[in-house]
Amino acid sequence: MGQVILAIDQGTSGSKAVLFSPQGKIHSKATAVLNSAYPASGYVEQDPEEIYTTVLQATGDAVTAYEKQGGQREDIVCCGISNQRETFLLWDAEGRPLRPAVVWQCKRSVPVCERLQREGAAAELKQRTGLMVDPYFSGTKLTWIIENEPEIATAIGRGEVLFGTVDTWLLYRLTGGDAYASDYTNASRTLFMNLDTLEWDPAMLQMLAVEGLRLPQLNSSSARFGESSFQGTFARPIPITAMIGDSHAAAFGERCVRPGTAKATLGTGSSILMNTGPQRPVSEHGMVETVCWSAGDRVDYALEGIIVSCGSTITWLRDQMGLFRESHESDALAESVPDNGGVYLVPAFAGLGAPYWKMDQTAVVSGLTFATGKAHVVRAGLESIAYQVKDVVDAMELDSGIALSRLQIDGGLTKSSFVMPHLANVLEVPVAAIELTEASAFGAALLAGLGAGIYSGIDEIAAIPYTSIDYHPQKQTGVQKEYQMWKKMVRTL
């Protein structure tokens, strides 16, 4: 079947392996479920060994499925890894985890962030890293661990602790400790990397009191990181030629390779990324400044708006409130009423992200009356997804001076018959549901193929065709009024 690229997409809820042709055809894929633990209110952790073993399981299953179609393992020429980003792990030189992985959703470091704010550290932190003083990012949670777990703190002080985001952990384990590296996108989420120099920043390590921590080598997203047989899955080791954070991978997979191109991933949370080109952007409206993707000497920067609760709002309505049994039923309920009946939901179940950055905020439902039915509440929940995206797009346009003409969307919510047209109406621009069911995996595959010499360059990748379902805005007088009502409610929190 010609050359085949293995893409690992290690996400919060599971690890996925996808086998792609260079033109983007999916030969096979498999997923292994990954569990999260909640040891205390607001704390979220995962088992490092489970992260690794689910990757091996998914890879083995995808390769087996490919062979059943007549393919051969020898067809697989390289591997790319995309991963949940701010989640981090600590381990020793033997590859033994020292504690559970701390997941990006974890809020244990709220007190650390409040202290940094009081000390006036926010401006310097933003200038150096492009990020906010917020528990969403890795660094403050490691500070919390150092302050609350003495054995870890002592080991870090002795220089015995290796730090890494999920990509680094997988690379270390897959190569038997031979490779210890990360890429700029993942490093840019830790609070440890200087966004201008693209190097670890000693001033940040000092600010967060993590001196002595061992940190991986930094590379472009498309580079030769190492090689692995995936514990015998392959007779010969295959090169790992790309590593990139999942939202950045999706942006590359959707060909956000020019300044002003933007995508939104609508999953558990949401990441909206706008490529701003080779110059680092500066945000004055609550956006994160970050690396979009990199290949060779080329580094494209981005503005990013992070929405904490997106698809998880639907999960809450389903599992905690019991308003429907299957997620897709939410669309029919929302469409069964002409409007939200004056009900508004602010989905701050784990705080509010961009552009507000109120991570101690809790969720609010307002406007309930005796006339309110469950359909109104469900509709309010789905509407809140579009309103949060609108908030971020407006802020990006102010920061960049670029008016979006179209927003590309990927993720599970592209299947929502309510959210997608409603989003187009709220944004007042076309919204394109990209028919790349595995956008993050495909982005990692494209970068891996570039690193392995399968593609001649970015122009060849940009020319690979893809299809989309386009939703065009309809003139509906009430939509903007309802959005302003929702925004007014957020401001009063």
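What you see is a predicted model; the values in this text were computed from it and never measured.

**Q** Just give me the short version of the overall build of the protein chain, but keep the residues and values in it.
**A** Helix and strand counts for the protein chain stand at 16 helices and 23 strands. Taking 2.2 N^0.38 as the reference for a compact globule, 493 residues should give roughly 23 Å; the C-alpha atoms of the protein chain span a radius of gyration of 22 Å, in line with that estimate. Projecting the C-alpha coordinates of the protein chain onto the three principal axes gives extents of approximately 65 × 55 × 45 Å. In the protein chain, once contacts between residues fewer than 6 apart in sequence are set aside, the share between residues at least 24 apart is 72%.

**Q** Tell me about the packing of aromatic side chains, residues and numbers included.
**A** Inspection of the entire model under this criterion finds 16 aromatic pairs. Geometrically, the ring pair formed by Trp104 and Tyr136 is edge-to-face, given 5.8 Å between the ring centres and 65° between the ring planes. With Trp104 in the loop between strand 7 (101–102) and helix 2 (110–118) and Tyr136 in the loop between helix 3 (122–129) and helix 4 (138–148), this pair connects stretches of sequence that are 32 residues apart. Assessed through its relative accessible area of 11%, Trp104 is described here as buried. Lying over the aromatic face of Trp144, Arg108 brings its terminal NZ or CZ to 5.1 Å of the ring centre.

**Q** Which residues make up the nonpolar core, and what values go with them?
**A** One finds Leu142, Phe192 and Leu213 to be the most contacted residues of the largest nonpolar core, which totals 101 residues. Here this core takes twelve residues from helix 12 (residues 374–400), the largest share from any one element. Sequence-distant contacts of Leu142, that is, excluding residues within four places in its chain, are made with Phe88, Leu90, Ile156, Phe163, Phe192, Val210 and Leu213. If you look at the next biggest cluster of nonpolar residues, it comprises 39 residues, including Trp91, Trp169, Leu170 and Leu171.

**Q** Go over the side chain of Ser82 with me, naming the residues and quoting the values.
**A** Within the fold, Ser82 resides in strand 5 (residues 76–83). Side chain to side chain, Ser82 and Asp9 meet in a polar contact 2.8 Å long. Apart from the residues lying within four places of it in its own chain, the contact partners of Ser82 are Ile8, Asp9, Gln10, Ile244, Asp246, Ala249, Ser440, Ala441 and Ala444.

**Q** Go over the pattern of salt bridges with me, naming the residues and quoting the values.
**A** The full count for this structure, using the stated rule, is 27 salt bridges. Among the ionic pairs, Lys126 bridges to Glu289, the shortest N-O distance being 3.4 Å. Here the residue Lys126 occupies a position in helix 3, and Glu289 occupies one in strand 17 (residues 288–295), the gap between them amounting to 163 residues. Classification of Glu289 as buried rests on a relative accessible area of 2%. Because the salt bridges share partners, they merge into one network encompassing Arg85, Glu86, Arg189, Asp246 and Glu304.

**Q** Tell me what's going on with the environment of Arg173, and back it up with residues and numbers.
**A** Considering the arrangement of structural elements, one finds Arg173 in helix 6 (residues 166–174). Once the C-alpha coordinates of Arg173 and Thr265 are considered, the two residues, 92 residues apart in sequence, prove to be 29 Å apart. Beyond its immediate sequence surroundings of up to four residues, Arg173 is in contact with Glu49, Tyr52 and Gly95.

**Q** I'd like a rundown of helix 10 (residues 311–319), residues and numbers included.
**A** Within the sequence span of helix 10, burial applies to Gly311, Thr313, Ile314 and Leu317. Here the buried residues of helix 10 occupy an arc of 155° about the axis, which is enough to place them on one side.

**Q** So, the pairing of strand 8 (residues 162–165): which residues are in play, and what are the values?
**A** By the alternation rule, side chains of strand 8 split into Leu162 and Gly164 and Phe163 and Thr165, which are all buried. In terms of strand pairing, strand 6 (residues 88–91) meets strand 8 through four bridges, oriented antiparallel. Bridging from a neighbouring strand, Trp91 pairs with Leu162 of strand 8.

**Q** Pulling in residues and values, what's your account of the environment of Gly157?
**A** Looking at where Gly157 falls in the secondary structure, it is placed in helix 5 (residues 150–157). A relative accessible area of 57% places Gly157 in the exposed class. Sequence spacing of Gly157 and Val210 is 53 residues, and the spatial spacing of their C-alpha atoms is 8.1 Å.

**Q** Can you tell me about the pairing of strand 15 (residues 262–266), naming the residues and giving the values?
**A** Taking burial as the measure, the five residues of strand 15 include five buried ones, the bulk of the element. Here strand 15 shows two buried faces, one formed by Ala262, Ala264 and Leu266 and the other by Lys263 and Thr265. As judged from the five bridges shared by strand 15 and strand 16 (residues 270–277), these two strands associate in the antiparallel manner. Its bridge partner being in strand 16, Leu266 is matched across the sheet by Ser270. Between the end of strand 15 and the start of strand 16, which pair antiparallel, lie three residues. Where strand 15 lies against strand 21 (residues 407–410), three bridges are found, and the strand directions are parallel.

**Q** Pulling in residues and values, what's your account of helix 13 (residues 419–427)?
**A** Of all nine residues in helix 13, eight are buried, a share of seventy percent or more. Taken residue by residue, helix 13 has Val419, Met420, His422, Leu423, Ala424, Asn425, Val426 and Leu427 as its buried positions.

**Q** For the packing of helix 12 against helix 13, give the residues involved together with the corresponding values.
**A** The contact between helix 12 and helix 13 brings their axes to 9 Å, and the two run at 40°. In this structure, helix 12 crosses over helix 13, and the sense of that crossing is right-handed. Taken together, the residues of helix 13 that come into contact with helix 12 (itself represented by Leu382, Glu383, Ile385, Ala386, Tyr387, Val389, Lys390 and Val393) are Val419, His422, Leu423, Val426 and Leu427. Residue composition of the contact of helix 12 with helix 13, by class: ten nonpolar, one polar and two charged.

About the cut-offs
- Residues numbered from 1 in each chain as written.
- Predicted model: local features only at pLDDT ≥ 70, side-chain atom pairs only at ≥ 80, totals over all residues.
- Heavy atoms only, no water.
- Helix = DSSP H or I, 4+ residues; strand = E, 2+ residues; numbered from the N terminus.
- Rg over C-alpha atoms; globule rule 2.2 N^0.38 Å.
- Contact = heavy atoms within 4.5 Å.
- Phe/Tyr/Trp six-rings, centres within 6.5 Å; stacked < 30°, edge-to-face > 60°.
- Buried < 20%, exposed > 50% of the residue type's maximum accessible area, 1.4 Å probe, protein only.
- Lys NZ or Arg CZ within 6 Å of the ring centre and 35° of its normal.
- Core = buried A, V, L, I, M, F, W, Y, C linked by side-chain atoms within 4.5 Å.
- Polar contact = N/O pair within 3.5 Å; in protein donor to acceptor, adjacent residues only side chain to side chain.
- Salt bridge = Lys/Arg side-chain N within 4 Å of Asp/Glu carboxyl O.
- Arc of directions from axis to C-beta.
- Pairing = 2+ DSSP bridges.
- Axes fitted to C-alpha atoms, helices over the stretch in contact; angles between N-to-C directions.
- Left-handed = near helix turned anticlockwise from the far one by under 90°.
- Nonpolar A, V, L, I, M, F, W, Y, C, P; charged D, E, K, R; others polar.

Don't take any of this as a statement about function, it's just geometry.
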